Amino acid sequence: MTDESMDIPDRFRAEAASRGLPAEEPEEWIRVARPAVYLAEGGDGPVVARIGGDPMLPYGAPKPSDPFVASVDLAALPQGATNLPLPSDGRLLFFAGPDVHGIEGQVPDAVLYVPAGTPTAPAPLADSRRKPYRLRELRTSWRQLSAQMPESFALDRWGDFPDEEQFELADELSDAWAHVGGYRPAWAFQIGGHPVSPQNDPVHYARDAEEGGGSEEGGTAGFDGGTEDDWALLATWRCGDDVTELDSGMAHWVIRHRDLAALRLDRVHRYVEMA
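Thresholds applied
Residues numbered from 1 in each chain as written. Predicted model: local features only at pLDDT ≥ 70, side-chain atom pairs only at ≥ 80, totals over all residues. Heavy atoms only, no water. Buried < 20%, exposed > 50% of the residue type's maximum accessible area, 1.4 Å probe, protein only. Helix = DSSP H or I, 4+ residues; strand = E, 2+ residues; numbered from the N terminus. Arc of directions from axis to C-beta. Core = buried A, V, L, I, M, F, W, Y, C linked by side-chain atoms within 4.5 Å. Contact = heavy atoms within 4.5 Å.

K.L.:
I'd like a rundown of helix α1 (residues 8-18), residues and numbers included.
P.N.:
Every buried residue belonging to α1 is among I8, P9, F12, E15 and A16, and all of these are buried. All buried residues of α1 project into a common sector of 125° when viewed along the axis, lining one side. Facing away from the buried surface of α1 by more than 90 degrees, the exposed residues are D10, A17 and S18. Just beyond α1, the residue with positive phi is G20, at close to 75°.

K.L.:
Explain the nonpolar core to me, and be specific about the residues and the numbers.
P.N.:
Residues F94, F189, L234, W237 and W253 are the most contacted members of the largest nonpolar core, which totals 39 residues. When residues in this core are grouped by element, the largest group, 4 residues, is from strand β15 (residues 231-238). In this structure, F189 is in contact with V37, Y38, L39, V69, A70, V72, F94, L138, A235, T236, W237 and W253, ignoring residues within four places of it in sequence. Counting residues in hydrophobic clusters, the runner-up holds 18 residues, among them F12, I30, L145 and A154.

Structure, rendered in structure tokens:
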């Protein structure tokens with residue numbers, strides 16, 4: 001796995017200074033950036049994830065209600081590659097249908113953890129009218145700092161009603177970040193980091209739905225300066241041509257840190273959207 005994050009913050013600071021941006025704002029942009037792992041086809045490395053086909057489910061496990069999207073080999077991810085409290089091995093299985101649900105909310109069987117060594121068997125879709133997604137192997141992976149979308153940054157930085165100048169500043173920070181290499185190259189699956197969305201931030205959706213727009217009091221400190229109550233992006237699937245029903249479709253899975261650490265994956269929130 002390559003690491004594209006090492007010198008981006010320093011180059012970003014220099015770029016922001018050359019644009020005359022207030023010095024404290026690039027620092028805040030960097031502070032809230034999160035490490036992510038991006039997966040793509042190609043390369044000759046080990047298979048980090050498989051997309052499509054039939055899932056390998058434990059014997060006797062109920063079939064999830066939606067089509068299988070991807071299986072991620074957690075042992076292929078270096079420890080600390082994200083700021084998520086992921087198991088060190090085993091697999092995460094992700095499920096999502098091709099229908100746009102928007103603010104779908106909690107979906108108890110959207111993600112399944114299969115511990116390493118668990119006996120499994122192929123589990124075709126219960127609904128024979130749906131075909132499995134196209135089978136693909138993702139062998140190329142890289143770690144990179146993931147910045148917030150500018151609107152999300154503005155809302156978190158200046159409250160629910162940033163003014164026009166604050167939104168423009170967030171856009172300028174985003175442009176400076178992309179200019180020095182903070183953009184996201186072509187990828188099919190993302191683990192951790194911040195979401196990129198054609199509509200609205202799914203982390204904000206989940207947080208606002210359950211917390212009334214703010215963090216619950218009394219959260220336990222940890223996890224990269226946040227709290228165990230913080231919502232985080234678990235994964236995003238860029239659907240592409242695999243889902244012809246969606247124009248530039250994306251599926252996001254969002255969870256609290258504490259629930260992920262306890263493997264309470266029944267508390268995952270899922271959002272399927274298109275441009």
